[in-house]
Amino acid sequence: MSTLKPLQIDVVSDVVCPWCYIGKHRIESALALVPDVPVKLNFRPFFLNPWVPREGISRDDYLTQKFGSVEAYKGIAGRVVAAASEEGLLYKPELVARQPNTTDCHRLILWAEAIGKAPEMKQRLMELYFRDGGDLTDVNVLVQAAADIGLDADDVRKRLATDEDVARVSADAQEAAEKGISGVPTYVFAQKYAVSGAQDPNLLARAIRQVSAEINAQAAE
């Protein structure tokens, strides 16, 4: 019996993007619909707000710069909160006090990938931010998040104090932008087909099955 070649899916997203929070849940729901299709899921960095400084800025300043005012975001937030709730996710925008630059978050996801825990690391950071209003600019919050999923706290603290993998994360995010990815989440199937937006799990499941069949048919030729 021939074994199927795993389908590579690159999820290009940012931890402070609410649709990426929803989109992560939807791609995982999609995978549950096609348990017979082998998939290699990778999380790739994207900077939703590359202009935010490394130390972060206050949430009110951020909302004013991005949406014109704090009030202007409330209508948008309501729709996203409702969409998250439909997925069983909590988004409490009123708890978020600080807008981070996500370079360090993406470094943690990269380091978690080395122990096969990138999805868990991404989920933990997103839950901290969207559900708990956690300050992702606080090194203690980041170290604790890393420890929560099984990384060594002291090791992570030391590495965060250096520039280790800053250039790599920045280059990966830049590569996504150069490939024309401007909206996230974007799912890239087999490095050739891109689907943008937090799509319905059924649609994603169909795409997974279709592209997997195609790459396996090519491999069999």
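Residues numbered from 1 in each chain as written. Predicted model: local features only at pLDDT ≥ 70, side-chain atom pairs only at ≥ 80, totals over all residues. Heavy atoms only, no water.

The name given to the protein chain in an unreviewed UniProt entry is DsbA family oxidoreductase, and the organism recorded there is Bradyrhizobium amphicarpaeae.

### Quick notes on the packing of helix α4 (residues 103–113) against helix α8 (residues 166–178)
Axis separation between α4 and α8 bottoms out at 9 Å; the angle between their running directions is 100 degrees. Comparing their axes, α8 and α4 come out roughly perpendicular. Residues T103, H106, R107 and L110 of α4 lie in contact with α8, whose contacting residues are V166, R168 and V169. In terms of residue class, the contact of α4 with α8 is built from three nonpolar, two polar and two charged. (Axes fitted to C-alpha atoms, helices over the stretch in contact; angles between N-to-C directions. Helix = DSSP H or I, 4+ residues; strand = E, 2+ residues; numbered from the N terminus. Parallel < 35°, antiparallel > 145°, perpendicular 65-115°, else oblique. Contact = heavy atoms within 4.5 Å. Nonpolar A, V, L, I, M, F, W, Y, C, P; charged D, E, K, R; others polar.)

### What about the nonpolar core?
Of all hydrophobic cores here, the largest spans 68 residues; its most connected members are L108, M121, L125, F189 and I208. Per-element tally for this core: the top contributor is helix α5 (residues 118–131), with seven residues. Setting aside residues no more than four positions away along its own chain, F189 makes contact with L7, Q8, I9, V195, L204, A207, I208 and V211. (Core = buried A, V, L, I, M, F, W, Y, C linked by side-chain atoms within 4.5 Å. Buried < 20%, exposed > 50% of the residue type's maximum accessible area, 1.4 Å probe, protein only.)

### Quick look at the side chain of T186
Position of T186 among the secondary structure elements: in strand β5 (residues 186–189). Its relative accessible area of 3% is what places T186 among the buried residues. Within polar-contact distance, the side chain of T186 engages the backbone oxygen of G183 at 2.7 Å. Not counting the four nearest positions on each side in its chain, T186 is found in contact with D10, V11, V12, I181, A194, V195 and S196. (Polar contact = N/O pair within 3.5 Å; in protein donor to acceptor, adjacent residues only side chain to side chain.)

### Quick notes on the pairing of strand β1 (residues 7–13)
Each regular strand shows side chains that alternate between the opposite faces of the sheet. For β1, the buried fraction is high: six of the seven residues fall into the buried class. As paired strands, β1 and strand β2 (residues 39–45) are joined by seven bridges and run parallel to one another. Note that in β2 the partner of L7 across the bridge is V39. Between the parallel pair β1 and β2, the chain is carried across by helix α1 (residues 18–33), and the sense of this crossover is right-handed. Taken together, the four bridges between β1 and β5 define a ladder with antiparallel strand orientation. Bridge pairing in β5 places D10 opposite V188. (Pairing = 2+ DSSP bridges. Right-handed = clockwise from strand over helix to strand, strands pointing away.)

### Describing the environment of L31
Tracing the backbone through its elements, the reader meets L31 in helix α1. With a relative accessible area of 23%, L31 lands in the partly exposed category. Residues L31 and P6, 25 residues apart in the sequence, show an inter-C-alpha distance of 13 Å. Setting aside its immediate chain neighbours within four residues, L31 contacts I9, V39, L41 and I208.

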